[in-house]
Amino acid sequence: MEIHEHDVVIVGGGGAGLRAAIELGEAHPHLRVAVVSKVYPMRSHTVAAEGGSAAVIKPNDSLDHHAYDTVSGSDWLGDQDAIEAFVKEAPGEMIRMDHWGCPWSREPDGHVAVRPFGGMTIERTWYAADKSGFHMLHTLFQTALKFQATKWYHEWFATKLLVDEGRCQGITAIELLTGQVHAILAKAVILCTGGMGRLYPYTTNGAIKTADGMALSYRAGVALKDMEFVQYHPTGLPGSGILITEGARGDGGILVNKDGYRYLQDYGLGPPDPWPRLRAMELGPRDRLSQAFVHEDAKGRTIQTPFGTAVHLDLRHLGEAKINKKLPFVRELAKNYAGIDPVHDPIPVRPVVHYAMGGIDTDIHGATTVPGLFAAGECACISLNGANRLGSNSLTELLVFGRRAAAAAARFATEHPKLAKELLKKQAADEEGRIAAQFIRKQGGKERIATLRREMNLVMEESTGIYRDGKTLEPALPKIAALKERFRNVTLDDRTAPFNTELISAIELEFMLEVAEAAIHSAFQRKESRGSHQRTDFPKRDDQTFLKHSMAYRTDGAPRIGYKDVVITRWPPAERVYGK
Ligand SMILES: Cc1cc2nc3c(=O)[nH]c(=O)nc-3n(C[C@H](O)[C@H](O)[C@H](O)COP(=O)(O)OP(=O)(O)OC[C@H]3O[C@@H](n4cnc5c(N)ncnc54)[C@H](O)[C@@H]3O)c2cc1C
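On a predicted model such as this, the values are computed, not experimentally measured, just so you know. (Residues numbered from 1 in each chain as written. Predicted model: local features only at pLDDT ≥ 70, side-chain atom pairs only at ≥ 80, totals over all residues. Heavy atoms only, no water.)

Draft legend 1. Broad picture of empty space enclosed by the protein. The final tally for this structure, using the stated rule, is two cavities of 30 Å³ or more. Approximately 50 Å³ is the volume found for the largest cavity. Around the largest cavity, the lining residues are Val-230, Tyr-232, Arg-286, Asp-287, Ser-290, Gln-291, Ile-466 and Ser-532. Of all the elements in the fold, those that place two or more residues in the lining of the largest cavity are strand E11 (230–236) and helix H7 (286–298). (1 Å grid on protein atoms, 1.4 Å probe; cavity = no way out; pocket = protein on both sides within 12 Å on 5 of 7 lines; lining within 4 Å. Points joined across faces, edges and corners; volume = space filled by probe spheres on them. Helix = DSSP H or I, 4+ residues; strand = E, 2+ residues; numbered from the N terminus.)

Spelled out as structure tokens, the structure:
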């Protein structure tokens with residue numbers, strides 16, 4: 001087996017991973033840095049982000065406004081120290097992106113333009129038309145490439161964290177081209193592996209968002225925090241799940257039911273006029289809008305499509321010129337994937353799984369409880385987003401906390417120069433043996449990857465959808481445990497070494513099953529309703545018992561769920577009020 005050695009290894013080449021790589025290249029040029037990514041970095045999910053990235057920039061705005069919107073958006077579950085650090089560092093990060101060449105959309109006088117976004121009191125979402133993620137990832141990648149000492153492992157798949165004496169000291173990874181397993185040793189590892197949308201059947205998330213980093217750290221003993229909080233975005237295309245950005249509503253789009261009625265006014269989101277009003281109607285937070293859809297559907301006021309029911313997102317009143325200038329991608333997606341030109345017809349949309357608020361438990365420097373292991377981006381739970389993320393906070397989170405995690409990892413790597421090389425090599429060889437025995441050489445397995453994955457998707461959708469209750473969560477617990485058990489009997493058709501995508505799908509499914517189990521147990525035990533976690537059997541928020549983060553710990557049996565206090569600095573818990 002080949003052994004590689006670095007000071008800091010970043011797993012993930014999306015927004016968070018690349019921001020971390022730039023920080024290490026700029027501030028710690030003496031460190032030997034590596035970026036490992038299962039896809040070429042520009043194919044990371046960050047590229048698909050559309051609407052934009054939030055940071056205070058206009059004179060009518062303030063850090064306190066941004067912080068309060070995030071706190072109330074999180075239904076008070078976000079840690080306020082993390083939120084305060086976030087809003088403070090956000091503008092500097094966004095200006096840095098500008099200097100690195102990110103083509104932000106501008107006002108006619110040259111100032112950066114901002115658009116309104118759901119749940120925000122003031123317009124503060126910077127954007128590059130409706131291809132913000134593409135331009136941000138491009139900017140980060142071209143900047144990261146300047147640091148010639150950084151070693152890139154493109155299309156390498158991390159399978160395990162190497163942990164000795166309680167300290168993370170590297171990873172094992174499959175080089176996809178050859179199928180070889182390698183050991184990549186490092187004094188610090190930063191996980192930037194993105195989200196877990198693929199646990200569900202219907203999601204905006206790319207096929208690579210399979211919870212890998214969450215599972216890797218969970219296996220290494222780190223708790224998964226707040227896993228029951230899964231965001232449904234209110235406007236995905238029926239069938240494909242392709243996202244129609246919140247920017248479409250930020251720029252004036254409205255949601256109507258089958259009678260052309262703006263139904264959100266019936267769900268505590270305010271009167272429709274005067275329009276547009278921030279934190280009201282279509283600019284309410286995502287959890288509330290997705291929940292309103294479920295009620296509207298139950299009343300039979302949605303439209304039928306070949307892929308289930310939907311409501312209409314109407315942009316026609318914006319006119320062709322504005323749609324072409326600010327929402328060209330929305331027009332392209334609607335035309336290509338729904339056969340609708342939004343200049344002339346409303347777009348059918350419905351809620352779709354979009355984002356994981358929960359993830360790897362870290363502090364505000366991205367450090368986990370395993371020394372040497374750090375995490376940032378969507379895979380991490382810092383916790384900025386609490387029970388519901390506000391749109392456009394995530395892209396900024398990648399920058400702020402990607403940089404912070406890199407700084408902390410650099411410090412750790414410098415202070416801990418020694419690696420237990422022989423022991424780590426042995427662990428890596430064991431992992432190579434496990435993969436061969438469990439997947440490549442295995443005889444007589446009967447279970448198919450696609451069947452197990454479909455069943456897992458259905459269990460997740462039934463038990464942890466927009467609304468949950470004990471009656472569906474309780475039976476889901478043995479169902480997910482049974483799927484894990486059946487996975488042991490999985491069989492592969494492809495036993496060859498180069499580019500064995502079937503092998504990768506199998507390992508991804510194994511990761512997802514672990515994380516699914518943590519999510520279902522966390523949801524079952526949280527007997528209250530908060531943000532995106534709505535229990536019909538416990539419809540009220542219960543701060544007395546549950547103003548706490550859920551912490552799922554891995555055991556040999558079912559996960560153990562513990563709780564950790566939420567950090568409250570300046571905003572004591574209050575009611576979430578929108579539409580006023
Ligand atoms: C369609 C869409 C639109 C969005 N729009 C917005 C928006 O407008 N504003 C906003 O704030 N947020 C938006 N979001 C959310 C936001 O884009 C994501 O949360 C964010 O981009 C995640 O970035 P990341 O760096 O954490 O991970 P990703 O960009 O998902 O990157 C993950 C990286 O990890 C690597 N990786 C994963 N597993 C392994 C493994 N086992 N081995 C090696 N490498 C691995 C992958 O190769 C990849 O490089 C959107 C999300 C979607 C899906």
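Draft legend 2. Local environment of the environment of Ala-280. Tracing the chain through its elements places Ala-280 in the loop between strand E12 (254–256) and H7. The class of Ala-280 is buried, set by a relative accessible area of 1%. Linking Ala-280 and Tyr-578, residues 298 residues apart in sequence, is a C-alpha distance of 5.7 Å. Residues within four places of Ala-280 in sequence aside, it is in contact with Leu-269, Trp-275 and Gly-579. (Buried < 20%, exposed > 50% of the residue type's maximum accessible area, 1.4 Å probe, protein only. Contact = heavy atoms within 4.5 Å.)

Draft legend 3. Looking closely at the environment of Tyr-267. Its location among the elements puts Tyr-267 in the loop between E12 and H7. Tyr-267 sits 169 residues away from Asp-98 along the chain, and the two C-alpha atoms are 39 Å apart. Within the structure, the side chain of Tyr-267 is placed 2.5 Å from the side chain of Glu-296, a separation counted as a polar contact. (Polar contact = N/O pair within 3.5 Å; in protein donor to acceptor, adjacent residues only side chain to side chain.)

Draft legend 4. Seen up close, helix H2 (residues 63–73). Within the sequence span of H2, burial applies to His-66, Ala-67, Asp-69, Thr-70, Val-71, Ser-72 and Gly-73. In the core, the buried residues of H2 are packed alongside strand E3 (53–54), helix H3 (80–99) and helix H10 (393–415). After H2 finishes, the residue Asp-75 shows a positive phi value of roughly 55 degrees.

Draft legend 5. Highlighting the domain arrangement of the protein. The domain boundaries assigned to the protein delineate domain 1 (232–354) and domain 2 (443–565). For domain 1 versus domain 2, the separation of C-alpha centres amounts to 30 Å. On the domain 2 side, the residues contacting the seven residues of domain 1 number seven residues. For the pair domain 1 and domain 2, the summed buried area comes to about 570 Å², and 67% of that belongs to carbon and sulfur atoms. (Domains from an automatic or database assignment. Buried area = accessible area lost by both parts, 1.4 Å probe.)

Draft legend 6. Quick peek at the packing of H3 against H10. H10 packs onto H3 with a crossing angle of 95 degrees between their chain directions and a minimal axis gap of 8 Å. On the basis of their axis angle, the class for H3 and H10 is roughly perpendicular. Contact with H3, carried on its side by Ala-82, Ala-85, Phe-86, Glu-89, Ala-90, Glu-93, Met-94, Arg-96 and Met-97, involves Asn-393, Thr-396, Glu-397, Leu-399, Val-400, Phe-401, Arg-403 and Arg-404 of H10 and no other residues of that element. Tallied by class, residues from the contact of H3 with H10 come to nine nonpolar, two polar and six charged. (Axes fitted to C-alpha atoms, helices over the stretch in contact; angles between N-to-C directions. Parallel < 35°, antiparallel > 145°, perpendicular 65-115°, else oblique. Nonpolar A, V, L, I, M, F, W, Y, C, P; charged D, E, K, R; others polar.)

Draft legend 7. Structural view of the side chain of Asp-287. In this structure, Asp-287 sits in helix H7. Aside from chain neighbours lying at most four places away, what touches Asp-287 is Asn-388, Gly-531, Ser-532 and Arg-576.

Draft legend 8. Structural detail: helix H12 (residues 449–463). Taking 1.5 Å per residue as the helical rise, H12 with its 15 residues ought to reach 21 Å, and the 21 Å between its terminal C-alpha atoms agrees with that figure. Restricting attention to buried positions, one finds in H12 the residues Ile-449, Leu-452, Met-456, Asn-457, Val-459, Met-460 and Ser-463. One face of H12 carries all of its buried residues, which in axial projection span an arc of 165 degrees. Those residues of H12 that are buried are in contact with strand E19 (467–468), helix H13 (470–487) and helix H14 (501–525). (Expected span 1.5 Å × (residues − 1). Arc of directions from axis to C-beta.)

Draft legend 9. Region of interest: the sheet that holds E3. With antiparallel pairing, three strands are arranged side by side in an open sheet as E3-E5-E4. At either margin of the open sheet sits one strand with a lone partner, and together these are E3 and strand E4 (114–115). Taken together, the two bridges between E4 and strand E5 (residues 125–126) define a ladder with antiparallel strand orientation. Along E5, the bridge assignment pairs Arg-115 with Thr-125. (Pairing = 2+ DSSP bridges.)

Draft legend 10. Representation of the nonpolar core. One finds Ile-171, Ile-190, Leu-191 and Met-214 to be the most contacted residues of the largest nonpolar core, which totals 137 residues. Per-element accounting of this core gives the leading share, 15 residues, to H14. Other than its neighbours up to four places away in sequence, Leu-191 contacts Val-11, Leu-161, Gly-213, Leu-216, Ser-217, Ile-360, Leu-373, Phe-374, Ala-375, Ala-376 and Cys-379. Residues Leu-255, Met-281, Leu-289 and Leu-333 belong to the second largest nonpolar core, which totals 26 residues. (Core = buried A, V, L, I, M, F, W, Y, C linked by side-chain atoms within 4.5 Å.)

Draft legend 11. View of the site of the ligand. For the ligand, the set of nearby residues contains 38 residues, the closest of which are Ser-37, Ser-44, His-45, Thr-46 and Glu-378. For the ligand, a nitrogen atom lies 2.8 Å from a polar atom in the backbone of Ala-158. The contact in question runs from an oxygen atom of the ligand to an N or O atom on the backbone of Ser-392, over 3.5 Å. Its free accessible area being 1000 Å², the ligand has 98% of it covered by the protein chains. Secondary structure elements with two or more residues in the shell around the ligand: helix H1 (15–27), strand E2 (33–37), strand E7 (156–164), strand E15 (347–356) and H10. In terms of residues, the shell around the ligand owes the most to one element, H10, which gives four residues. Of the residues assigned to the shell around the ligand, the class counts are 14 nonpolar, 19 polar and five charged. (Near = heavy atom within 4 Å. Areas by Shrake-Rupley, 256 points an atom, 1.4 Å probe, with all protein chains shown as cover.)

Draft legend 12. Inspection of the layout of surface pockets at higher detail. Taken as a whole, the second largest pocket spans an internal volume of roughly 440 Å³. Lys-484, Glu-485, Arg-488, Glu-514 and Arg-554 are, among the 19 residues lining the second largest pocket, the residues nearest its centre. Elements with a contribution of two residues or more to the lining of the second largest pocket: helix H11 (421–440), H13 and H14. Of the residues that constitute the lining of the second largest pocket, the class distribution is five nonpolar, four polar and 10 charged.

Draft legend 13. Region of interest: the packing of H12 against H13. At their nearest, the axes of H12 and H13 sit 10 Å apart, and the two run at 165 degrees to each other. Judged by the inter-axis angle, H12 sits roughly antiparallel to H13. For the pair H12 and H13, the sense of crossing is left-handed. Contacts between H12 and H13 involve Thr-451, Leu-452, Glu-455, Met-456, Val-459, Glu-462 and Ser-463 on the former and, on the latter, Thr-472, Leu-473, Ala-476, Lys-479, Ile-480, Leu-483, Arg-486 and Phe-487. (Left-handed = near helix turned anticlockwise from the far one by under 90°.)

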